[in-house]
Amino acid sequence: MSKPVYITADSTCDLSPELLERFQIKVVPLHVLLGEESYLDGVDFTPDMIFERYKADKTLPRTAAVSPQEFEEFFTPLVEAGYEVVHMDISSELSASYQNAVIASQELPGVYPIDTRHLSNSIAVLLLEACRLRDEGKSAEEIVRAIHDLIPKVQTSFVIDTLEYLWKGGRCTGVAAFGANLLNLKPCIEMRDGKLEVGKKYRGNIFKVYEKYITERLTGRSVHPDFIFVASANELPQAVKEKLESLICGLVPAQEVIFSRVGSTIASHCGPGTMGILFMDA
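Below is a summary of the structure that appears in this document. Since the model is a prediction, treat every value here as computed from it, not as a measurement.

1. A look at the sheet that holds strand S5 (residues 62-64)
Strands sit in the order S4-S3-S5 across an open sheet of three strands; the sheet is antiparallel. The two strands at the open ends of the sheet, each matched to only one other strand, are strand S4 (37-40) and S5. Neighbour-to-neighbour, the strand axes of this sheet turn through a mean angle of 30 degrees, independent of strand direction. Where strand S3 (residues 31-34) lies against S4, four bridges are found, and the strand directions are antiparallel.

Right, dumping it as structure tokens:
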């Protein structure tokens, strides 16, 4: 008989405390470094703090992966409690967290790290699917195989209101080429093979851009209907949420549209005004 399975992730999955509790997912935070001070993503540092600091003195925080020792301390109580662990990390192209989870897992039987090749709520899409399989009684190895098969179906993209953060952070291929037009463009940033790359470029009012971007991402697409995430760097006004939800549900069947805030790790690279629709193809 297989052991019970615990689903875990690093904090870049950007799931709210309410959803973590609802689906029984455990999260380990990445580090946010600002000057000589170190904070924990989602614990004692928020995106709003990042934006306020950057507005004041143009200082951006750095982010640091979870260390192998931290992963070992995170996994050990679950293993000792009799669980196998299916763990998901931000793309290994963007962080060392996955490699460090692998190092820690080599000392612990029954821990299965997955390089999701994604970030933010795209990881959450995979996590919720893993939870469904867990609740069906699947073993850790069965869940891992299923998730690896689903990774290519997940769609990760964001529209960016200001490119300053990505430009300074150097995490997105092609951003430097915009030159003098840097602040005028509102590009779609897409995950391709685990890396962030520039897609279509928009101009105009950011809320109108949101609508056009969502329409273009979903029109004619066959989308897995269980969960669609709308992740934003700022809290969206309720009227905007309602308009976007109505737009989404008019384009594709969706049992649940979940609005969420990105965490500090994602916000420090993407900046205010960022919004993405994240989902899995059917």
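Resuming the write-up.
2. Looking at the side chain of Thr156
Locating Thr156 in the fold gives a position in the loop between strand S8 (154-155) and strand S9 (157-159). A polar atom in the side chain of Thr156 sits 2.7 Å from the side chain of His118. Within polar-contact distance, the side chain of Thr156 engages the side chain of Ser122 at 2.5 Å.

3. A look at helix H9 (residues 238-251)
In this model, H9 (14 residues) spans 20 Å end to end at C-alpha, consistent with the 20 Å of a helix rising 1.5 Å per residue. Burial in H9 covers these residues: Val240, Lys241, Leu244 and Ile248. All buried residues of H9 project into a common sector of 100 degrees when viewed along the axis, lining one side. In this structure, H9 carries Ala239, Ser246 and Gly250 as exposed residues pointing more than 90 degrees from its buried face. Those residues of H9 that are buried lie in contact with helix H8 (206-218), strand S13 (228-232), strand S14 (257-261) and strand S15 (275-280).

4. Some words on the sheet that holds strand S2 (residues 25-28)
Note: strands within a sheet are paired through backbone hydrogen bonds, in either parallel or antiparallel orientation. Strand order in the open sheet formed by four strands is S2-S1-S6-S7, with parallel pairing between adjacent strands. Each having just a single partner strand, S2 and strand S7 (111-115) make up the two edges of the open sheet. On average, each strand axis in the sheet is tilted by 25 degrees relative to the strand beside it, whichever way the strands run. In terms of strand pairing, strand S1 (residues 5-10) meets S2 through four bridges, oriented parallel. Within S2, the position partnered with Ile7 by the bridge is Ile25. Taken strand by strand, helix H5 (residues 121-135) contacts S1, S2 and strand S6 (84-89), and its axis lies near 175 degrees from that of S1. Along the sheet face, helix H6 (residues 140-150) touches S1, S6 and S7 and points at about 5 degrees away from the line of S7.

5. Quick notes on the pattern of salt bridges
Tallied over the entire structure, the rule returns 16 salt bridges. The salt bridge involving Arg117 is made with Asp115; its shortest N-O contact spans 3.1 Å. Judged by relative accessible area, Arg117 falls into the partly exposed class, the value being 24%. One salt bridge connects Glu190 with Arg217, and the closest N-O pair in it is separated by 3.2 Å. Here Arg217 lies in helix H8 and Glu190 lies in strand S11 (residues 186-192), a separation of 27 residues in the sequence. Here Glu190 and Arg217 have matching classes, each one buried. When salt bridges with common partners are traced through the structure, they connect Glu190, Arg192, Glu197 and Arg217 into a single cluster.

6. Focus on the nonpolar core
Inside soluble globular proteins, nonpolar side chains tend to come together where they are buried. Counting 58 residues, the largest nonpolar core has Leu15, Leu127, Ile147 and Phe229 as its most contacted members. The leading source of residues in this core is H5, at nine residues. Once residues within four sequence positions are removed from consideration, Ile147 is found in contact with Met88, Ile114, Leu126, Glu129 and Ala130.

7. Observations regarding the packing of aromatic side chains
Applying the stated criterion to the full structure yields five aromatic pairs. Measuring from ring centre to ring centre gives 5.1 Å for Tyr6 and Tyr83, while their planes differ by 85 degrees; the resulting arrangement is edge-to-face. With Tyr6 in strand S1 and Tyr83 in the loop between helix H3 (68-80) and S6, the pair connects residues that are 77 residues apart, well separated along the chain. Among the residues examined, Tyr83 registers a relative accessible area of 26% and is labelled partly exposed. Judged by centre distance (5.5 Å) and plane angle (15 degrees), the rings of Phe71 and Phe75 are stacked. Of this pair, Phe71 and Phe75 both sit in helix H3, four residues apart, roughly one helical turn. For the pair Phe71 and Phe75, one class covers both residues: buried. Feature note: the residues Phe71, Phe74 and Phe75 constitute an aromatic cluster, connected by ring pairs.

8. Points about the packing of H8 against H9
A pair of packed helices can be characterised by two numbers: the angle between their axes and the separation between those axes. Between H8 and H9, the shortest axis-to-axis distance is 10 Å and the interhelical angle comes to 20 degrees. Considered as vectors, H8 and H9 are oriented roughly parallel to each other. When you trace H8 past H9, the crossing you get is right-handed. Contacts between H8 and H9 involve Phe207, Lys208, Tyr210, Glu211, Ile214, Thr215 and Leu218 from the first element and Val240, Lys243, Leu244, Leu247, Ile248 and Leu251 from the second.

Reading the values: the criteria
- Residues numbered from 1 in each chain as written.
- Predicted model: local features only at pLDDT ≥ 70, side-chain atom pairs only at ≥ 80, totals over all residues.
- Heavy atoms only, no water.
- Pairing = 2+ DSSP bridges.
- Helix = DSSP H or I, 4+ residues; strand = E, 2+ residues; numbered from the N terminus.
- Axes fitted to C-alpha atoms, helices over the stretch in contact; angles between N-to-C directions.
- Polar contact = N/O pair within 3.5 Å; in protein donor to acceptor, adjacent residues only side chain to side chain.
- Expected span 1.5 Å × (residues − 1).
- Buried < 20%, exposed > 50% of the residue type's maximum accessible area, 1.4 Å probe, protein only.
- Arc of directions from axis to C-beta.
- Contact = heavy atoms within 4.5 Å.
- Salt bridge = Lys/Arg side-chain N within 4 Å of Asp/Glu carboxyl O.
- Core = buried A, V, L, I, M, F, W, Y, C linked by side-chain atoms within 4.5 Å.
- Phe/Tyr/Trp six-rings, centres within 6.5 Å; stacked < 30°, edge-to-face > 60°.
- Parallel < 35°, antiparallel > 145°, perpendicular 65-115°, else oblique.
- Left-handed = near helix turned anticlockwise from the far one by under 90°.

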